[in-house]
Amino acid sequence: MDTASQSAQVSVEGVWKVFGRKVSEAQAMAKNGASREEIQTATGSVVAVRDISFDVAPGETFVVMGLSGSGKSTLIRCVSHLVEPSEGRVEVCGTELTRADSATLRDLRRQKMAMVFQHFGLFPHRKVVDNVAYGLEVQGIERQERHERAQELLDTVGLEGWGDHYPQQLSGGMQQRVGLARALAVDPEVLFFDEPFSALDPLIRRDMQDELIDLQLKLQRTLVFITHDFAEALKLADRIAIMNDGAFVQVGTPVEILTEPADDYVRAFTQDAPVAKVLQACSLMQPLDGRGVSPDWPQVSETTPLEDALPHLLGSTNPVVVCDEQNTPVGLLQGDDVASVISENRG
Amino acid sequence: MTAVDEVRTKAAGLRTGSEHRLARFILAASTIVVLVLVFQLFTNFGIFPDSWDIGLADPIDRARRWLINNQTSHWLYTVFLNPITDAIDWGIRRLESILKWFPWFSYPLVTGLGLWWTRGRFAGALGLAGVALIGVIDLWAESFATLALMSVSVLISVVIGIPLGIAAWRNESVARVVRPTLDAMQTMPGFVYLIPFVLLFGFGRVPALISTVIFALAPVVRLTEVGLRTVPQVTVEASEMFGATERQTLRLVRLPQARPAIFAGMNQTTMLAMSMVVIAAFIGAGGLGQVVLRSMQNIDVGRASEAGIAIVIMAIVLDRFSTGIATADPGRDARAMRWLGAAVSVVAVVGGILGQNEFPESLNWQFAPYVNDATDWARDNLYDIGDSGIGTGPFSDFVTLEFVTPLRELLSADIPWPAMIGIGMVLGLWARGIRLAIGIGAALFAIGFLGMWELSMDTLAQTIVGVVATLAIGIPVGIMTSHNDLLRTALKPVLDFFQTIPSFVLLVPVITLFHVGRIPGIIASVIYALPAAVHYTDLGLRRVPAEIHEAAESFGATRGQRLRRVEMPLAAPELMVAVNQVIMLILAMVVIAGLVGGGGLGLEAVRGLRRSDAVGRGFEAGIAIVLLASILDRLTRAFADRLRPPAAV
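Residues numbered from 1 in each chain as written. Chains lettered and ligands numbered in written order. Predicted model: local features only at pLDDT ≥ 70, side-chain atom pairs only at ≥ 80, totals over all residues. Heavy atoms only, no water.

Colleague: Would you explain the overall build of chain B in this entry?
Modeller: Helix and strand counts for chain B stand at 28 helices and zero strands. The C-alpha atoms of chain B give a radius of gyration of 27 Å, which matches the 26 Å a tight globule of 649 residues would have. Viewed in the frame of its principal axes, chain B has a C-alpha envelope of about 80 × 65 × 60 Å. Residue pairs in contact within chain B that sit at least 24 positions apart in sequence constitute 82% of those at least 6 positions apart. By element, 65% of the accessible surface of chain B is carried by carbon and sulfur atoms, the whole surface being about 30200 Å². When the 50 basic and 49 acidic side-chain charges of chain B are each reduced to a single mean position, those positions are 8 Å apart. (Helix = DSSP H or I, 4+ residues; strand = E, 2+ residues; numbered from the N terminus. Rg over C-alpha atoms; globule rule 2.2 N^0.38 Å. Contact = heavy atoms within 4.5 Å. Areas by Shrake-Rupley, 256 points an atom, 1.4 Å probe, with all protein chains shown as cover. Lys, Arg positive; Asp, Glu negative; His and termini not counted. Charge placed at Lys NZ, Arg CZ, Asp CG, Glu CD.)

This is the structure in structure tokens:
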């Protein structure tokens, strides 16, 4: 076992999921490079996930981005084991789910993991507070205690005072806050998000994304996040996997995806991406390597978005100095480098 | 595909379909004609030969005598049946005494409050007045007997039905057994369940209750299964993701979300149980049903009407309550229940202190005498208005002489029995195939072997007249309501009302006008089945998509053309469902009408219930009813399937 998967909190190795009867035939065809349509006409089976492997480190946000039908929803269900993979290994928090008996799996779900769903998956017959307390209830925690904990979490997600309502009386954004609070209530180490914000309108979606980023800064959990929205992936991810036709096309940091798209499929997404917003100064700077800097040159921090550094570059021919948290210069941002990345992504 | 294309392909499909259909129809019709002619000209078969009667009645009668003689000694009774009887009887009595412990005024009050809360002020006032009226017309004690029996029946149905529904949902092989059994149980006229249980348990409330449970069980099972199956998958996944066990998911997530469906099932079960009130009185259920029966026998139409109205009030109140609970949203529901609970306990405590549990006699007032006066007046004045030959009497005679009797003669005597069996088999072949044809042939032979041929043809003739009359009225009305929302809204409460009334009660007013005989039974059955005919016609026509209407209109089709060429063919499967429902409802009613002079199988079955020496014949009649019902049901369902347009690929 290599070091990466030892330290990983979620480890997925060679996972396949075939829906239908002729699983092995379909897999054999897929290994020979047949497309999903070809396999379906030949065997009647659908290869939803083909040979996917990845690791997620503790505290990392791993985003799987794909269009509808790419298999991303099936993938997250294989990882959370709501769906049994046809082949492959899934390990969460050091326990191999693909081998676990139902009691082990249940304990793991009670203690270590939680999921937020696309259409919220709230229980319409339970009050908001009882929705949030559900995970604690199935663990057998007393009513008093679980309600206190649920109230705390409702406060955390900004829903104080809504506990006695029913979910359907709340707006979409509020409902997903309930979904988030419900998942957080069991204090999980790993959180799965299945397109949690795609049913929300754009402004609410942005608020929820910002809120999730804030929460993650505080909580530092391991997140596996599914989305069809490339901009959302860029905004939230430490690493992104682009998925198409059941397989990963490219895995990398947002900057890697933007600056070195693996093929035309990925490039098509990057073209409309808000590059100047996503890329930070540190990702395009040239290391200082002992070169001197002039005190006249403008300074930005490593995490400054490109769009905020641009005015400095446009104003003069001088480079911009990039400093780390201690305000020590670490690199230089050159106008030419920035221009070429932006124009390439527009190209 | 554009709407126009859609119309063209549908039209093309219908044309080729209808050419096939025409060919098959000509084939079937000519075969039938040849069959009849051959048997008529070259043989002299008439009625199914008496000597072929296998005489099932005798062993049944012997079994009955044995059962009566061994009721106190045999282990079957001492170990098994008697304890069941005693337990159920104890339960009914216990519940009845609890119900009677509450002060009389708590019932109208609770009903009024409950309906006010769930349905509004007007319904509340009506509920209060309705329940009070039951006491006013001096049917308080009888109502409690009925209410207790019904409550225990529904309770047992629910206690059996919900787990059975869960089992059917969980396990496909259970479902494959349960579903057709339930369908069959609900299809049969409730009446036929009485006979075997009387045989086993004798007369009393227990066989009445068991028959009621069997008749009423189906909806709660079916809707429990449907409710569980339609729980959104994502909520189940959410529950699983929190590490809930299957049992926890069922208890905390699935069942609560299936609750509205389960309540709807309980509502339908309650309504079916209510429709058995009078029928179950035949074997000693007591209560309001018995008052109806006894008064009908004494031709005391007034008292029968009072008891009938009490049953209708009880049915409507129970219906509104249970739909109110089923459709209430959880927030309001909880509050309403708390309020109701508080109101009930306050009233109960007050009443307990005052000891007011008898309905005060000073409030009694009966309208029976007025009804009897009206009946007398109707008999004297409407039966034959001014000796003019116009009136209900001549009408009855006309229908009897011109339609019912000739049709009965035709079916039982004029068409030789082998030709009748042949016709049944040809219809089966035409509708579905060889298996149905053989099934129908076997069933018809069995009817003959039971010695029930003539009576069955009598019942069949009455059923056919009723069905034709119902469809002749119901389909045009359905066409009108489908094109006219105003008419539909206006008719809906009337139709709902007729569907809520227990079938037997319908006979009461009809008999006041038409006396006893075959005609009141047929008329009551037409009234009973009309709502179904109107409803399904309306439903079928409304399902035709608006764009198809528009497409047809854009070709310049007239209203009549649109109806004939486009709407009716597309609605044909629903119309066939209407025919199926109407036939089953009418058959059930015609059987019941045997009790008021309708003759046929119903009369024979009732005799079996009344006289211990006729149990065997009654049993045979019961089987014949089941066979006849099955033939008609399968045949019409098969035709309905045939009319469905080919499924999309």
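Having seen the model, we can carry on.
Colleague: Just checking my understanding: could you explain the packing of helix H6 (residues 140–170) of chain B against helix H14 (residues 287–297) of chain B for this structure?
Modeller: The geometry of a pair of packed helices is captured by two quantities: the angle between their axes and the separation between those axes. All names here are of chain B. At a minimum axis separation of 5 Å, H6 and H14 run at an interaxial angle of 120°. In this view, H6 runs oblique relative to H14, as classed from their interaxial angle. Here Glu142, Ser143, Ala145 and Thr146 of H6 lie close against H14, whose contacting residues are Gly287, Leu288, Gly289 and Val291. Tallied by class, residues from the contact of H6 with H14 come to three nonpolar, four polar and one charged. (Axes fitted to C-alpha atoms, helices over the stretch in contact; angles between N-to-C directions. Parallel < 35°, antiparallel > 145°, perpendicular 65-115°, else oblique. Nonpolar A, V, L, I, M, F, W, Y, C, P; charged D, E, K, R; others polar.)

Colleague: Can you help me understand the packing of H6 of chain B against helix H9 (residues 205–216) of chain B in this one?
Modeller: Residues and elements named next belong to chain B. Running from N to C, H6 and H9 point in directions that differ by 50°, and their axes come no closer than 9 Å. As the angle between them shows, H6 and H9 are arranged oblique. Two packed elements cross with a definite hand, and for H6 against H9 that hand is right-handed. Residue-level contacts link Leu149, Met150, Val152, Ser153, Ile156, Ser157 and Ile160 of H6 to Arg205, Leu209, Thr212 and Val213 of H9. (Left-handed = near helix turned anticlockwise from the far one by under 90°.)

Colleague: Looking at this structure, I do not really get empty space enclosed by the protein. What am I missing?
Modeller: Empty space among the atoms can be located by rolling a probe the size of a water molecule over them. Residues and elements named next belong to chain A. Within the structure shown, the criterion is met by one cavity of 30 Å³ or more. The volume enclosed by the largest cavity comes to roughly 50 Å³. Elements that contribute at least two residues to the lining of the largest cavity include exactly helix H9 (172–185), strand E7 (190–194) and helix H10 (202–219). By residue number, the principal contributor to the lining of the largest cavity is H10, which donates four residues. Along the lines of polarity and charge, the residues of the lining of the largest cavity split into eight nonpolar, one polar and no charged. (1 Å grid on protein atoms, 1.4 Å probe; cavity = no way out; pocket = protein on both sides within 12 Å on 5 of 7 lines; lining within 4 Å. Points joined across faces, edges and corners; volume = space filled by probe spheres on them.)

Colleague: Got a minute to help me understand the pattern of salt bridges in this structure?
Modeller: Close approach of charged atoms allows side chains with opposite charge to pair. The tally for this structure, following the rule as stated, stands at 38 salt bridges over all chains. Where aspartate 89 of chain B meets arginine 205 of chain B, a salt bridge forms, and the shortest distance between an N and an O atom there is 4.0 Å. Pair noted here: aspartate 89 of chain B is in helix H3 (residues 75–101) and arginine 205 of chain B is in helix H9, with a separation of 116 residues, a long-range link. With a relative accessible area of 18%, aspartate 89 of chain B lands in the buried category. Here the salt bridges do not stand alone but share partners, grouping Glu13, Arg89, Glu91, Glu96 and Arg99 of chain A into one network. (Salt bridge = Lys/Arg side-chain N within 4 Å of Asp/Glu carboxyl O. Buried < 20%, exposed > 50% of the residue type's maximum accessible area, 1.4 Å probe, protein only.)

Colleague: When you look at helix H8 (residues 143–156) of chain A in this model, what are you seeing that I'm missing?
Modeller: Since there are 3.6 residues in each turn of an α-helix, residues three or four apart along the chain are aligned in direction. All names here are of chain A. Counted at 1.5 Å a residue, the expected span for H8 with its 14 residues is 20 Å, and the 20 Å between its end C-alpha atoms agrees. Listing the buried residues of H8 in full gives Arg146, His147, Ala150, Leu153 and Leu154. The buried residues of H8 occupy an angular sector of 125° when projected down its axis, which confines them to one face. Taken together, the buried residues of H8 touch helix H6 (128–132), helix H7 (134–138) and H9. Phi turns positive, to about 80°, at glycine 158, one or two residues after H8. (Expected span 1.5 Å × (residues − 1). Arc of directions from axis to C-beta.)

Colleague: Is there a simple way to explain the environment of glutamate 96 of chain B in this structure?
Modeller: Residue and element names in this part refer to chain B. Note on placement: glutamate 96 falls in helix H3. Sequence separation between glutamate 96 and isoleucine 479 is 383 residues; the distance between their C-alpha atoms is 47 Å. If we ignore the near neighbours within four places in the chain, the residues touching glutamate 96 are Phe144, Ala145, Ala148 and Arg205.

Colleague: Sorry, what's going on with the sheet that holds strand E3 (residues 61–66) of chain A here?
Modeller: Strand pairs in the sheet, formed through backbone hydrogen bonds, run parallel or antiparallel to each other. Residues and elements named next belong to chain A. With mixed pairing, six strands are arranged side by side in an open sheet as E6-E7-E8-E3-E9-E10. Among the strands making up the open sheet, the edge pair consists of strand E6 (113–116) and strand E10 (247–252). Across the sheet, the mean angle separating the axes of adjacent strands is 15° when strand polarity is ignored. Bridge count for E6 against E7 is four bridges, and the pairing is parallel. By the bridge assignment for E7, alanine 114 is matched with leucine 191. (Pairing = 2+ DSSP bridges.)

Colleague: Just to check I follow, could you spell out the confidence of the model for chain A for this structure?
Modeller: Any residue range with low pLDDT should be treated as having predicted coordinates unsuitable for detailed reading. Confidence in the prediction for chain A averages 86 pLDDT; 97% of positions are at 70 or higher. Averaged over each element, pLDDT in chain A is lowest for helix H1 (residues 3–7) of chain A (52) and highest for strand E8 (residues 222–227) of chain A (93). (pLDDT = per-residue confidence, 0-100.)

Colleague: What is the right way to look at the interface of chain B and chain A in this model?
Modeller: The figure often quoted for interface size is the accessible area lost as the parts come together. The interface of chain B with chain A comprises 19 residues on the first partner and 25 residues on the second. Taking both sides of the interface into account, the surface hidden between chain B and chain A amounts to around 1900 Å²; carbon and sulfur atoms contribute 68%. Of all residues in chain B, Met241, Phe242 and Leu252 of chain B bury the most surface against chain A, accounting for 40% of the area lost on that side. For the pair chain B and chain A, the number of links is one salt bridge. Arginine 77 of chain A serves as the salt-bridge partner of glutamate 237 of chain B, at 2.7 Å between the closest nitrogen and oxygen. Connecting chain B to chain A are seven residue pairs in polar contact (both at pLDDT 80 or more). For the side of chain B that touches chain A, the secondary-structure elements that each account for two or more residues are helix H11 (233–241), helix H12 (246–275) and helix H16 (330–354) of chain B. Looking at the side of chain B that touches chain A, the element that brings in the most residues is H11 of chain B, giving seven residues. (Buried area = accessible area lost by both parts, 1.4 Å probe. Polar contact = N/O pair within 3.5 Å; in protein donor to acceptor, adjacent residues only side chain to side chain.)

Colleague: It is not clear to me how the nonpolar core should be interpreted in this structure. Could you clarify?
Modeller: One broad rule of soluble globular proteins: the nonpolar side chains tend to lie buried together. Ranked by size, the top nonpolar core spans 172 residues in total, and within it Phe191, Phe282, Met296, Trp453, Phe504 and Leu507 of chain B carry the most contacts. Here the element with the most residues in this core is helix H28 (residues 615–643) of chain B; it accounts for 14 residues. Core analysis: the second largest hydrophobic core is formed by 102 residues, Met113, Leu236, Ile242 and Phe269 of chain A among them. (Core = buried A, V, L, I, M, F, W, Y, C linked by side-chain atoms within 4.5 Å.)

Colleague: Please clarify how the environment of valine 321 of chain A should be interpreted in this entry.
Modeller: Residues and elements named next belong to chain A. Checked against the element boundaries, valine 321 lands in strand E13 (residues 320–323). With relative accessibility at 0%, the residue valine 321 sits in the buried group. Each C-alpha atom of the pair valine 321 and threonine 156 lies 39 Å from the other, and the pair is 165 residues apart in sequence. Leaving out residues up to four positions away in the same chain, valine 321 has contacts with Val293, Trp297, Pro298, Gln299, Val300, Pro329, Gly331 and Leu332.

Colleague: Before we go on, may I ask you to explain helix H7 (residues 172–187) of chain B in this structure?
Modeller: All names here are of chain B. Taking 1.5 Å as the rise per residue, H7 with 16 residues should run 22 Å; its terminal C-alpha atoms sit 23 Å apart, in good agreement. Those residues of H7 that fall on the buried side of the exposure criterion are Ala175, Val178, Leu182, Met185 and Thr187. Summarising the contacts, the buried residues of H7 are in contact with H6, H9, helix H10 (218–229), helix H26 (559–593) and H28.

Colleague: Just to check I follow, could you spell out the side chain of aspartate 61 of chain B for this structure?
Modeller: Residue and element names in this part refer to chain B. Structurally, aspartate 61 can be placed in helix H2 (residues 57–69). Of the side chains with opposite charge, arginine 65 lies nearest to the buried aspartate 61, which makes no salt bridge, at 5.6 Å. Among the polar contacts listed, one links the side chain of aspartate 61 to the backbone nitrogen of glycine 616, at a separation of 2.8 Å.

Colleague: How should I be thinking about the sheet that holds strand E1 (residues 10–19) of chain A in this particular structure?
Modeller: Residues and elements named next belong to chain A. Taken in spatial order, the four strands of this open sheet run E2-E1-E4-E5, and their pairing is antiparallel. The two strands at the open ends of the sheet, each matched to only one other strand, are strand E2 (46–56) and strand E5 (95–96). In terms of strand pairing, E1 meets E2 through seven bridges, oriented antiparallel. Pairing of valine 15 across the sheet is with isoleucine 52, part of E2.

Colleague: It is not clear to me how the side chain of glutamate 91 of chain A should be interpreted in this structure. Could you clarify?
Modeller: Position of glutamate 91 of chain A among the secondary structure elements: in strand E4 (residues 87–92). Engagement of the side chain of glutamate 91 of chain A in a polar contact is seen with the side chain of arginine 89 of chain A, the distance being 2.3 Å.

Colleague: Would you take a moment to explain the packing of aromatic side chains for this structure?
Modeller: The description of two aromatic rings rests on the distance between their centres and on the angle between their planes. Summed over all chains, the structure comprises 19 aromatic pairs over all chains. Residues phenylalanine 197 of chain A and phenylalanine 225 of chain A carry aromatic rings whose centres are separated by 5.9 Å and whose planes lie at 55° to one another, so their mutual orientation is tilted. With a gap of 28 residues between them, phenylalanine 197 of chain A in the loop between E7 and H10 and phenylalanine 225 of chain A in strand E8 connect regions that are remote in the sequence. Here phenylalanine 197 of chain A and phenylalanine 225 of chain A have matching classes, each one buried. Seen from their ring centres, tryptophan 430 of chain B and phenylalanine 639 of chain B are 5.1 Å apart, and the 80° between their planes marks the pair as edge-to-face. One end of the pair, tryptophan 430 of chain B, is in helix H19 (residues 417–431); the other, phenylalanine 639 of chain B, is in helix H28, and 209 residues separate them in sequence. Like phenylalanine 639 of chain B, tryptophan 430 of chain B is buried. An aromatic cluster is built from Phe54, Phe62 and Phe248 of chain A, whose rings are joined through pairwise contacts. The residue whose ring lies beneath arginine 182 of chain A is phenylalanine 123 of chain A, and the NZ or CZ to ring-centre distance is 5.0 Å. (Phe/Tyr/Trp six-rings, centres within 6.5 Å; stacked < 30°, edge-to-face > 60°. Lys NZ or Arg CZ within 6 Å of the ring centre and 35° of its normal.)

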